[in-house]
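Here are the chains, one letter per residue:
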Amino acid sequence: MFLPRAILAVSILVFTILSYGNAIRSIPNKLACGGDEAHIEFGTSMQFSEAPEYQNGFKCAVLARNSMCDPSVVHVAMTIDLEYLRGTIAAVHSVLKHTSCPENIFFHFIASDSSLVNIAELTRIVQSTFPSLSFRVYVFKESIVNNLISSSVRQALENPLNYARSYLADILEACVKRVIYLDSDVIVVDDIQKLWSVSLTGSRTIGAPEYCHANFTKYFSVEFWSDLEYSEVFAGKRPCYFNTGVMVMDLVRWREGDYTRKIEKWMEIQKERRIYDLGSLPPFLLVFGGDVEGIDHRWNQHGLGGDNVVSNCRSLHPGPVSLLHWSGKGKPWARLDRRTPCPVDYLWAPYDLYKPHDHPHRHHSRKQKQQEMIYSSRAL
């Protein structure tokens, strides 16, 4: 059950009075200079507290341990790397905390073959943090997509791992017929079983919250819209913007429709003609726009990280909240560690399990605590 705003507000108030989470991450080899890309600890020095052991309710299906192919298993796919590791751990923690059947969730973590931390170390970190978690870490070969990536409005959007979501049907086992894909900068405050139960009607392959009020034309260049050979892809459709950080994906239909290759085709065109600027999102819009199963907006309260250039603060949208998403430049762990958080960042902090050598944002002033409590009571 999703948290009503009043209850969520109380829980945040209690947490923030007693303790403060901690967070930071950055692109490796970049100097910290006041932005959201800050220094990060590497290897075995990056430690997390062990999460509580969350157990199934009485009505949950009983599974054999590590029975990944059992039809009652809920499959969740996420990327995992050192830069976003704190976000990934917090996201997993939030999913387990709020679901009714935590033991029936299987996490598929996709890691790059160029990762500064090897697969064994990433596996050790996840296993030590969540000893009872059913999961597997897969290797994504960046060479598959390197030559297809074009420059974007923000360098972080050019990371090859951002494109791994397009290859899930190839990476995951054939018995995995359906998966929820989540970005690493989200927290879930509702039962993910509800998202899993969303039906993909007709021949639809993916489901996501759609935002039809957004100006869809801005996601593509003038050259794209002036070329009828390209723009006719939307002929007879009513395409709407959707964020690919939260998706329900039918991998059987994906494989049958060879959608990975269709996405790659648009990336090849982009290399030649420059028809968009926003990294891995536009190819999804081109392939699926106008044929997406619309999911309630409460499952992606996105944009909490500001826009793609500036880490500005944003408030929650009106309505119930099931998932919060810090898409955009600003990430809550970085802003909290810099002691320049946005009010919504305190909603992320209770799920942070990271154990740094110092705890900079546990030493907030009384004024900051008061501001945080006022925001929590008003916004939720």
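Quick caveat: nothing in here was measured; it's all calculated off a predicted structure. (Residues numbered from 1 in each chain as written. Predicted model: local features only at pLDDT ≥ 70, side-chain atom pairs only at ≥ 80, totals over all residues. Heavy atoms only, no water.)

**Q** Just checking my understanding: could you explain the overall build of the chain for this structure?
**A** Along the chain, the regular secondary structure elements total 12 helices and 11 strands. Long-range contacts, defined here as pairs at least 24 residues apart, represent 77% of the contacts in the chain between residues at least 6 apart. Split by element, the accessible area of the chain, about 16400 Å² in all, is 52% carbon and sulfur. (Helix = DSSP H or I, 4+ residues; strand = E, 2+ residues; numbered from the N terminus. Contact = heavy atoms within 4.5 Å. Areas by Shrake-Rupley, 256 points an atom, 1.4 Å probe, with all protein chains shown as cover.)

**Q** Just checking my understanding: could you explain the state of the cysteines for this structure?
**A** Here a disulfide denotes one covalent bond, and it connects the sulfur atoms of two cysteines. Across all of its chains, the model carries four disulfides by this definition. Disulfide pairing is shown between Cys 60 and Cys 101; the S-S distance is 2.0 Å. With the S-S bond torsion at -90°, the cross-link from Cys 60 to Cys 101 turns out left-handed. A residue pair is termed long-range when its members are at least 10 positions apart, and Cys 60 in the loop between helix 1 (5–18) and strand 1 (74–79) and Cys 101 in the loop between helix 2 (85–98) and strand 2 (105–112) qualify at 41 residues. Per residue, the accessibility class of Cys 60 equals that of Cys 101, and both read buried. Bridging Cys 69 to Cys 175, the disulfide has an S-S length of 2.0 Å. Its S-S torsion of approximately -65° makes the covalent link between Cys 69 and Cys 175 left-handed. (Disulfide = S-S within 2.5 Å. Buried < 20%, exposed > 50% of the residue type's maximum accessible area, 1.4 Å probe, protein only.)

**Q** I would appreciate a short explanation of the pairing of strand 3 (residues 134–140) in the present structure.
**A** Every regular strand shows the same layout, with side chains that alternate between the two sheet faces. In terms of burial, strand 3 is a largely internal element, five of the seven residues being buried. Here strand 2 runs beside strand 3; their pairing, made up of seven bridges, is parallel. If you follow Ser 112 over to strand 3, its bridge partner there is Phe 140. With respect to chirality, the unit in which strand 2 leads through helix 3 (residues 119–129) into the neighbouring parallel strand 3 is right-handed. (Pairing = 2+ DSSP bridges. Right-handed = clockwise from strand over helix to strand, strands pointing away.)

**Q** How should I be thinking about the packing of aromatic side chains in this particular structure?
**A** Any aromatic ring pair is given by two values, namely how distant the centres are and how the planes are angled relative to each other. Per the stated rule, a full pass over the model turns up 25 aromatic pairs. Relative to Phe 234, the ring of Phe 216 has its centre 5.1 Å away and its plane inclined at 85°; by these criteria the two rings are edge-to-face. Placement of the pair is Phe 216 in the loop between strand 7 (210–211) and helix 6 (222–226) and Phe 234 in the loop between helix 7 (228–231) and strand 8 (241–242), with a sequence separation of 18 residues. Each member of the pair Phe 216 and Phe 234 is classed as buried. Through successive ring pairs, a cluster of aromatic residues spans Tyr 211, Phe 216, Tyr 219, Phe 220, Phe 224, Trp 225, Tyr 230, Phe 234, Tyr 241 and Trp 266. Over the face of the ring belonging to Trp 196 we find Arg 178, whose NZ or CZ atom lies 5.4 Å from the ring centre. (Phe/Tyr/Trp six-rings, centres within 6.5 Å; stacked < 30°, edge-to-face > 60°. Lys NZ or Arg CZ within 6 Å of the ring centre and 35° of its normal.)

**Q** Any chance you could explain unusual backbone geometry here in plain terms?
**A** Working note: non-glycine residues mostly have negative phi, and peptide bonds are mostly trans. One non-glycine residue with positive phi stands out, namely Asp 258, at about 50°. Structurally, the position occupied by Asp 258 is in the loop between helix 8 (251–257) and helix 9 (259–273). Judged by relative accessible area, which is 44%, Asp 258 ranks as partly exposed.

**Q** I would appreciate a short explanation of the environment of Gln 47 in the present structure.
**A** Along the chain, the position of Gln 47 falls in the loop between helix 1 and strand 1. Taking relative accessible area as the criterion, Gln 47 reaches 40% and is therefore assigned partly exposed. Along the primary structure Gln 47 and Thr 129 are separated by 82 residues, whereas in three dimensions their C-alpha atoms are 8.6 Å apart. For Gln 47, the residues in contact, after removing those within four places along its chain, are Leu 353, Tyr 354 and Lys 355.

**Q** Would you explain the environment of Gln 127 in this entry?
**A** Relative to the assigned elements, Gln 127 resides in helix 3. Taking the relative accessible area as the measure of exposure, Gln 127 reaches 46% and is therefore partly exposed. Put simply, Gln 127 and Glu 50 are 77 residues apart on the chain and 9.2 Å apart in space, counted from C-alpha to C-alpha.

**Q** Could you clarify how one ought to interpret the side chain of Asp 185 in this entry?
**A** Residue placement: Asp 185 occurs in the loop between strand 4 (178–182) and strand 5 (186–188). Separated by 3.0 Å, the side chains of Asp 185 and His 325 make a polar contact. Not counting residues up to four positions away in its chain, the partners in contact with Asp 185 are Leu 324, His 325, Trp 326, Ser 327, Lys 331 and Trp 333. (Polar contact = N/O pair within 3.5 Å; in protein donor to acceptor, adjacent residues only side chain to side chain.)

**Q** Help me out: how do you make sense of the pattern of salt bridges in this one?
**A** Pairing of side chains with opposite charge becomes possible as their charged atoms draw close. Scanning the entire structure with this criterion turns up 17 salt bridges. With a closest N to O distance of 3.5 Å, Arg 298 and Asp 190 form a salt bridge. Residue Arg 298 is found in the loop between strand 10 (293–294) and strand 11 (323–325), and its partner Asp 190 is found in the loop between strand 5 and helix 5 (192–196); the two are separated by 108 residues along the sequence. Of the two residues, Arg 298 and Asp 190, both sit in the buried class. Connected through shared salt-bridge partners, Arg 86, Asp 337 and Asp 352 make up one network. (Salt bridge = Lys/Arg side-chain N within 4 Å of Asp/Glu carboxyl O.)

**Q** How do you make sense of the nonpolar core when you look at a structure like this?
**A** Taken as a class, soluble globular proteins show a tendency for nonpolar side chains to be buried jointly. In terms of nonpolar packing, the biggest core is built from 49 residues, with Phe 220, Phe 242, Met 249, Trp 254 and Phe 288 touching the most fellow members. Among the elements that take part in this core, helix 10 (residues 281–288) stands out by supplying six residues, more than any other. Not counting residues within four places of it along the chain, the set of residues in contact with Phe 242 comprises Ile 206, Ala 208, Pro 209, Glu 210, Met 247, Leu 281, Phe 284, Leu 285, Phe 288, Gly 289 and Val 292. Listed in part, the 42 residues of the second largest apolar core include Leu 96, Val 137, Leu 182 and Leu 323. (Core = buried A, V, L, I, M, F, W, Y, C linked by side-chain atoms within 4.5 Å.)

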